[in-house]
Amino acid sequence: MRRRQQARVLGVLAALLLVAVIGVGAWYFLVYTRSPQYALNQFFAVAKANDSERVGRFTDPSGTIIGLFTTASTVMGNRFFDPVSLVFPGYKNADIGQTQSYEIKNIKVEGETARAQVTLKVTTPNGEVTMNPTYVLRKVENQWKVAIEPTLAGSFNEFVPNAVRQQMIRQIRRVAGNPMAQSMIAPQLNSMRSEIEKYPQLFDFLRRAGLM
């Protein structure tokens, strides 16, 4: 009798464990893998590994401001500019810094947009620094992706240290004196001024560089 009771108890426990495993698996595949936190974690992992093919699956590089950065980068001689490198130090280029660790503090979701407070530990030529940017994610074709433009523009001073900003300002001022450069960049700036003004840090940077 006692053995039957023990077997029955073990059977019930096994059934409960199976249900729990199925529940966890269902949550992971049906809920978590479709969440902005999963997409952001995947982005961090593949960006740190410099896996450009998979980075493309978790990023949305569209936007007029990103187009401006691409144009400016080309004018200044960098034909291999990748906007993802601006929101993840060390991706394809470790000149400014190399991300050593990352931590997602919290994520707020509003409809098809999510904002994540993140802490990055970055090794730079001048030592380790801590960055606290806000990553913006959007749902694109039913998949969450890191939206590069609002992420960069909204946390510009976090991603671009002051010393680097000062160097960029000097370079932009030199290039801006070139008539060809002016003809390429000025029309874009004028057409997107209202969009740039949504991001105070970026607007102030461009103003100090003499472009606004």
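Our structure is the block above this text.
Just so you know, these numbers come straight off a predicted model, no measurement behind them.

S.K.: Any details on the packing of aromatic side chains? Residues and values, ideally.
M.R.: Under the definition given, this model contains 8 aromatic pairs. When the ring of Phe43 is compared with that of Phe44, the centres are 5.7 Å apart and the planes differ by 50°; the resulting orientation is tilted. Between Phe43 and Phe88 the ring centres are 6.1 Å apart and the planes differ by 85°, which places this aromatic pair in the edge-to-face class. Here Phe43, found in helix H2 (residues 36-48), pairs with Phe88, found in the loop between helix H5 (84-87) and strand S2 (98-110); they are 45 residues apart in sequence, far enough to count as distant. By relative accessible area, which is 0% here, Phe88 ends up buried.

S.K.: Can you explain the environment of Pro125? Please cite residues and give values.
M.R.: Tracing the sequence through the fold places Pro125 in the loop between strand S3 (113-124) and strand S4 (127-131). Using a relative accessible area of 66% as the deciding quantity, one classes Pro125 as exposed. Those residues within four positions of Pro125 in sequence are excluded, and the remaining contacts are Asp95 and Ile96.

S.K.: An account of the nonpolar core is requested, with residue identities and associated values reported.
M.R.: Counting 46 residues, the largest nonpolar core has Leu40, Phe43, Tyr135, Ile196 and Leu202 as its most contacted members. If you tally residues by element for this core, the top one is H2, at 6 residues. Excluding residues within four positions of it along the chain, Leu40 makes contact with Ile104, Ala116, Val118, Tyr135, Leu137 and Val146.

S.K.: Tell me about the pattern of salt bridges, and name the residues and values.
M.R.: Within the structure shown, the criterion is met by 7 salt bridges. In this structure, the salt-bridge partner of Arg193 is Glu197, at a minimum N-O distance of 3.1 Å. We classify Arg193 as partly exposed; its relative accessible area is 37%. The partner of Asp204 in a salt bridge is Arg207, and the shortest N-O contact between them spans 2.5 Å.

S.K.: Give me the side chain of Glu149: which residues, what numbers.
M.R.: Here Glu149 shows up in helix H6 (residues 148-154). No salt bridge is formed by the buried Glu149; its nearest oppositely charged neighbour, Arg138, is found at 6.3 Å. There is a polar contact of 3.2 Å between the side chain of Glu149 and the backbone nitrogen of Ile66. Those residues in contact with Glu149 that sit more than four places away from it in its chain are Ser62, Gly63, Thr64, Ile65, Ile66 and Glu195.

S.K.: Lay out H2 in plain terms, naming residues and giving numbers.
M.R.: Taking 1.5 Å of rise per residue, 13 residues should cover 18 Å, and H2 covers 18 Å from first to last C-alpha, within 8% of that figure. Here H2 has its buried residues at Pro36, Tyr38, Ala39, Leu40, Gln42, Phe43, Phe44, Val46 and Ala47. Just downstream of H2, Asn50 is the residue with a positive phi angle, here 55°.

S.K.: Which residues make up the pairing of strand S5 (residues 134-140), and what values do they have?
M.R.: The sheet contact formed by S3 and S5 spans 5 bridges and is antiparallel. Paired with Thr113 across the bridge in S5 is Arg138. Sheet topology note: the S5/strand S6 (residues 143-147) ladder contains 4 bridges and is antiparallel. By the bridge assignment for S6, Arg138 is matched with Lys145.

S.K.: Quick one: what's the story with the pairing of S2, residue by residue and with numbers?
M.R.: The sheet contact formed by S2 and S3 spans 11 bridges and is antiparallel. Note on S3: the bridge partner recorded for Gln98 is Thr123. If you look at the hairpin formed by S2 and S3, you'll find 2 residues sitting between the two strands, and Gly111 has a positive phi there, around 65°.

What counts as what
- Residues numbered from 1 in each chain as written.
- Predicted model: local features only at pLDDT ≥ 70, side-chain atom pairs only at ≥ 80, totals over all residues.
- Heavy atoms only, no water.
- Phe/Tyr/Trp six-rings, centres within 6.5 Å; stacked < 30°, edge-to-face > 60°.
- Helix = DSSP H or I, 4+ residues; strand = E, 2+ residues; numbered from the N terminus.
- Buried < 20%, exposed > 50% of the residue type's maximum accessible area, 1.4 Å probe, protein only.
- Contact = heavy atoms within 4.5 Å.
- Core = buried A, V, L, I, M, F, W, Y, C linked by side-chain atoms within 4.5 Å.
- Salt bridge = Lys/Arg side-chain N within 4 Å of Asp/Glu carboxyl O.
- Lys, Arg positive; Asp, Glu negative; His and termini not counted.
- Polar contact = N/O pair within 3.5 Å; in protein donor to acceptor, adjacent residues only side chain to side chain.
- Expected span 1.5 Å × (residues − 1).
- Pairing = 2+ DSSP bridges.

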